[in-house]
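Analysis of the macromolecular model
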Amino acid sequence: MACKVTGTAFITGGASGIGKATALKFAEQGITSLALLDVNLAQLESTRDELRSAFPHVETEIIQVDVADEASVNNAVQKTVSRFGRIDIAVNSAGISGIPTKTHELSLSAWQKVIDINQTGLWLCQKAVIQQMLKQESRGTRQGRGVIINLSSMFGVSAPPAEFAIIPYTAAKHAVVAITKLDAKTYGKEGIRINAICPGYVDTPIIRQGIESGSMNSEFEKTPLGRPADAEEIADSILYLASPMSSFVCGAALVVDGGHTL
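This text gives an overview of the structure that appears in the document.

Rules used throughout
- Residues numbered from 1 in each chain as written.
- Predicted model: local features only at pLDDT ≥ 70, side-chain atom pairs only at ≥ 80, totals over all residues.
- Heavy atoms only, no water.
- Salt bridge = Lys/Arg side-chain N within 4 Å of Asp/Glu carboxyl O.
- Buried < 20%, exposed > 50% of the residue type's maximum accessible area, 1.4 Å probe, protein only.
- Core = buried A, V, L, I, M, F, W, Y, C linked by side-chain atoms within 4.5 Å.
- Helix = DSSP H or I, 4+ residues; strand = E, 2+ residues; numbered from the N terminus.
- Contact = heavy atoms within 4.5 Å.
- Phe/Tyr/Trp six-rings, centres within 6.5 Å; stacked < 30°, edge-to-face > 60°.
- Pairing = 2+ DSSP bridges.
- Right-handed = clockwise from strand over helix to strand, strands pointing away.
- Polar contact = N/O pair within 3.5 Å; in protein donor to acceptor, adjacent residues only side chain to side chain.
- Expected span 1.5 Å × (residues − 1).
- Arc of directions from axis to C-beta.
- Axes fitted to C-alpha atoms, helices over the stretch in contact; angles between N-to-C directions.

So, about the pattern of salt bridges. Counted according to the given criterion, the structure contains 15 salt bridges. Two residues, D203 and R208, come together in a salt bridge whose shortest N-O distance is 2.9 Å. With relative accessibility at 29%, the residue D203 sits in the partly exposed group. Within this structure, K25, E28, E232 and D236 form a network of salt bridges that share partners.

Formed by 34 residues in total, the largest nonpolar core has its most connected members in F26, L34, I89, I149 and I238. At 7 residues, helix α8 (residues 231-242) tops the list of elements feeding residues into this core. Not counting residues up to four positions away in its chain, the partners in contact with L34 are A9, I11, A23, A27, L51, V58, E59, T60, E61 and F84. Formed by 24 residues, the second largest nonpolar core is a distinct cluster that contains V77, A94, L124 and I148.

What follows is about the packing of aromatic side chains. For any pair of aromatic rings, geometry is given as the distance between the ring centres together with the angle between the planes. Under the counting rule described, the total for this entry stands at 3 aromatic pairs. The interplanar angle of 75° and the centroid separation of 5.9 Å between the aromatic rings of Y201 and F220 together place this pair among those described as edge-to-face. Residue Y201 is found in the loop between β6 (192-199) and α6 (205-213), and its partner F220 is found in helix α7 (residues 217-221); the two are separated by 19 residues along the sequence. Each of the two residues, Y201 as well as F220, counts as buried. Taken together, the ring pairs connect F155, F164, Y201 and F220 into an aromatic cluster.

If you trace the backbone, L182 turns up in helix α5 (residues 167-187). Put simply, L182 and I194 are 12 residues apart on the chain and 9.4 Å apart in space, counted from C-alpha to C-alpha.

A few words on the pairing of β6. Two faces make up the sheet, and in a regular strand the side chains alternate between them. The element β6 is largely enclosed, with a buried count of 8 among its 8 residues. Residues of β6 alternate between two faces, with I192, I194, A196 and C198 on one and R193, N195, I197 and P199 on the opposite face, all of them buried. Inspection of the sheet shows strand β5 (residues 146-151) paired to β6 by 6 bridges, in the parallel sense. Looking at the pairing, G146 lines up with I192 of β6. Crossover handedness for the path β5 to α5 to β6: right-handed. For β6 and strand β7 (residues 253-256), the ladder comprises 4 bridges, and the chain directions are parallel. Within β7, the position partnered with P199 by the bridge is V256.

A few words now on the side chain of S246. Within the fold, S246 resides in the loop between α8 and β7. Judged by its relative accessible area of 0%, S246 falls in the buried class. Looking at S246, its side chain comes within polar contact range of the main-chain oxygen of L241, at 3.0 Å.

Since the α-helix turns once every 3.6 residues, residues separated by three or four places project in the same direction. With 15 residues, helix α3 (residues 70-84) should cover 21 Å at 1.5 Å per step; its first-to-last C-alpha distance of 21 Å lies within 8% of that length. Within α3, burial applies to S72, V73, A76, V77, T80, V81 and F84. One face of α3 carries all of its buried residues, which in axial projection span an arc of 170°. For α3, the exposed residues set more than 90 degrees away from the buried face come down to A71, Q78 and S82.

As a further point, take the sheet that holds strand β2 (residues 33-38). Strand order in the open sheet formed by 7 strands is β3-β2-β1-β4-β5-β6-β7, and the pairing between neighbours is parallel. In the strand order of this sheet, the two ends are held by β3 (59-64) and β7, each with one partner. Direction aside, neighbouring strands of the sheet carry axes that sit 15° apart on average. The strands that helix α2 (residues 41-54) touches are β2 and β3; relative to β3, the one it contacts most, it runs at about 175°. On top of the sheet, α8 reaches β4 (89-92), β5, β6 and β7; it is set at about 165° to β6, its chief contact.

Spatial relationships are all this shows, so hold off on functional conclusions.
Put into structure tokens, the structure is as follows:
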């Protein structure tokens, strides 16, 4: 069986980074309908134009959305279903890192901003997508009613170096794994398969300055592979979790970190 995907994919954080790489990978590997969500409309338009150029047969809907706002999320799901009829794959990749600050110096508002987007926002997206998937007919044992992949982090299963001081990010990414595991138990019997992906360091705008300056080199040296991942490498792993190739994988937190957490 090839690692192919079909139907409609719904990707939050789809304008850049891992979300964009996943959209391109899905289009390359069989998806014919894409809904891309992000708060940054200009980047969404740029990603849509790139998809149209490379994959003119793929229908793409772009939706500006605030994942921390329930009405905005629900509207995005409704708009996607109105155009494409259903949601077969959802990838929840919207997130922010926040400003590094130790707990005793961290304000409640700074904590809440990261939690609102990375944890509550992901849960709101998952809630709305599950509500839709429960209405859908199953596409068979391997595909079911739908598949959800949540973006956690290697710091969702371990702690970052103390000097990173990213406590709300770390807390939220641990919560993503917990949300994934419990909802996988709850909805697996309904034909909805839910997993998490836990990337290590990835060459995206969040750490690119550190890559270019060399300040991240000591962290890369802790990784057996000795480098950051390319976003496409994480998209390949998401493709696996989205495809029928992983049809018996449920509630997993797949760590893709080059061995950093070993």
